[in-house]
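# Fold and contact review
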Amino acid sequence: MKAFRFPFFRLGIIGGGQLAKMMTQEAKKMGLFVTILDPTPASPAAQVADEEIIAGFYDEEGLAKLCATSDIVTYDIEHVNAPFLKSLPGKEKIRPSPELLETIQDKFRQRVVLNEAGLPVPPFALLEEDKISAFQAFGFPLVQKARFGGYDGRGVVTLKSAEDLPKRLKGPSFLEAYVPIEKELAVLVARSVTGEVRVYPVVEMLFEPKAHICDLVLAPARIPESIAEEAQSLGIRCVEVLNGVGIFAIEMFLTKDRKLLINEIAPRPHNSGHFTIEACATSQFEEHLRAILGLPLGSTQLLTPAVMVNLLGEEGESGPPIVEGLEEALAIEGVSFHFYGKWETRPFRKMGHVTVIDATLEGALTKALKVKEILKIKGERKEKEYASCWHHHGE
Ligand SMILES: Nc1ncnc2c1ncn2[C@@H]1O[C@H](COP(=O)(O)OP(=O)(O)OP(=O)(O)O)[C@@H](O)[C@H]1O
Ligand SMILES: [Mg+2]
């Protein structure tokens with residue numbers, strides 16, 4: 001029998017945003033020592049961690065230091081220096097692996113890997129050259145996606161017809177058939193170092209119409225059991241194809257003709273899994289830690305229906321955040337408030353979230369919509385011009 005000396009593991013996390021913060025809170029619960037690497041001092045995660053390294057995600061010195069002083073290294077963001085991580089002597093302690101991360105970072109390569117494994121993805125083709133004829137040959141309507149650096153809809157444009165061509169993206173990209181979407185679903189899959197696999201209930205994502213950022217997550221998704229089961233087994237296959245270790249969120253489309261297509265994979269805890277903190281036996285953050293530390297995985301059972309509301313920065317508001325409606329929102333039974341601790345709000349920036357649990361999903365949804373009306377994240381500065389800049393700030 002193995003014995004663990006406290007602190008049981010030294011965990012290094014690249015990225016100090018809300019995902020790292022919630023991961024750190026679980027890590028502290030479990031007796032780990034946590035170091036955060038982030039360019040911003042007192043980042044959300046550093047506020048609750050033991051140590052911080054102030055460095056950028058491409059800073060070789062900082063990354064090498066984090067790796068040298070940690071037993072296990074993970075990340076809360078994909079946009080980090082994967083080629084350098086691959087070259088590190090301690091690279092086997094980085095989970096998921098830097099090789100997997102490199103595949104995910106290139107959305108086109110990600111598509112190719114899934115497609116070659118026989119997993120269902122929308123029809124797609126590499127855009128070899130920025131030539132109008134290539135768009136014409138692929139056919140409209142289409143969706144053009146940047147290969148690298150996309151986030152929260154940044155790097156994705158829909159071109160309905162040739163008239164939309166002036167909107168097209170520059171830089172390496174690929175084209176994808178425009179899918180008639182019935183629902184956007186997500187499924188979380190955890191896979192441990194030992195190969196143990198667990199899958200969470202399928203959830204449904206609803207989007208804010210203006211910025212097209214996910215603002216509501218419904219658990220469980222309102223879909224037939226057979227589709228949920230198929231989504232779960234597709235999710236598991238994705239993670240196995242990638243030989244993934246950790247937690248993964250698989251975003252899928254349920255098409256109007258009731259087919260499931262895989263959209264993209266996040267190699268980390270995901271916004272669509274925040275409900276697991278209050279609504280599941282094991283949260284996505286604890287499950288991720290168990291998976292990367294080689295501990296047995298926990299139960300993914302849904303204990304209650306839940307709806308998660310993203311608290312996005314209000315339009316036209318920026319600077320130090322101000323929360324309105326907190327007392328009124330917390331007076332609603334079953335509401336749990338999370339604030340990430342970001343020092344500045346911006347239009348549509350993810351500033352926090354609320355999880356609502358209720359005996360029924362309909363009840364939780366009604367309450368969640370009320371919370372959305374009541375709770376507002378404003379800022380000390382009112383700057384209209386910020387309204388058009390939301391898309392520069394992914395997280
Ligand atoms: N082939 C498609 N057909 C129709 N709609 C699509 C297609 N691909 C993407 N979309 C829409 O665009 C959204 C963003 O696409 P995608 O998830 O690939 O980009 P992203 O920038 O990584 O977004 P996020 O970070 O929010 O997950 C999707 O949630 C979906 O609503
Ligand atoms: Mg997406």
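Rules of the game
- Residues numbered from 1 in each chain as written.
- Chains lettered and ligands numbered in written order.
- Predicted model: local features only at pLDDT ≥ 70, side-chain atom pairs only at ≥ 80, totals over all residues.
- Buried ≥ 20, exposed ≤ 12 C-beta atoms within 10 Å, placed from the backbone.
- Helix = DSSP H or I, 4+ residues; strand = E, 2+ residues; numbered from the N terminus.
- Arc of directions from axis to C-beta.
- Contact = placed C-beta atoms within 7 Å.
- Core = buried A, V, L, I, M, F, W, Y, C linked by C-beta atoms within 7 Å.
- Domains from an automatic or database assignment.
- Nonpolar A, V, L, I, M, F, W, Y, C, P; charged D, E, K, R; others polar.
- Pairing = 2+ DSSP bridges.
- Axes fitted to C-alpha atoms, helices over the stretch in contact; angles between N-to-C directions.

## Things to note about helix H5 (residues 107-116)
By the burial criterion, the buried members of H5 are Lys107, Gln110, Arg111 and Leu114. Along H5, the residues classed as buried sweep out an arc of 100° about the axis, all on the same side. Elements that come into contact with the buried residues of H5 comprise helix H4 (98-105), strand E5 (124-126), strand E6 (142-146), helix H7 (225-241) and strand E14 (260-266). Positive backbone phi, at 85°, marks Gly118, one or two positions downstream of H5.

## Examining the nonpolar core
In a soluble, globular protein the nonpolar side chains are often hidden away together inside. Counting 92 residues, the largest nonpolar core has Val203, Ile250, Met252 and Val307 as the members making the most contacts within it. Split by domain, the residues of this core number at least three in each of domain 1 (10-94) and domain 3 (181-392). Once residues lying within four places of it in the same chain are set aside, the contact partners of Ile250 are Ala186, Val187, Val189, Gly235, Cys238, Ile262 and Ile265. Leu127, Leu142, Leu159 and Leu175 belong to the second largest nonpolar core, which has 5 residues in total.

## Side note on the domain arrangement of the protein chain
In terms of domains, the protein chain is made up of domain 1 (10-94), domain 2 (123-177) and domain 3 (181-392). The C-alpha-based centres of domain 1 and domain 3 are spaced at 22 Å. Counting residues at the interface gives 15 residues for domain 1, matched by 15 residues for domain 3. Contributing elements (two or more residues each) for the side of domain 1 that touches domain 3: helix H1 (18-29) and strand E4 (72-75). Taken together, the residues that form the side of domain 1 that touches domain 3 break down as 8 nonpolar, 3 polar and 4 charged.

## Concerning the sheet that holds E6
Pairing is antiparallel across the open sheet formed by 4 strands, whose spatial order is E5-E8-E6-E7. At either margin of the open sheet sits one strand with a lone partner, and together these are E5 and strand E7 (156-159). In this sheet, neighbouring strand axes are inclined to one another by 25° on average, regardless of whether the strands run parallel or antiparallel. Of the pairings in the sheet, the one linking E5 to strand E8 (residues 173-177) comprises 3 bridges and is antiparallel in character. Paired with Phe124 across the two strands is Glu176, which belongs to E8.

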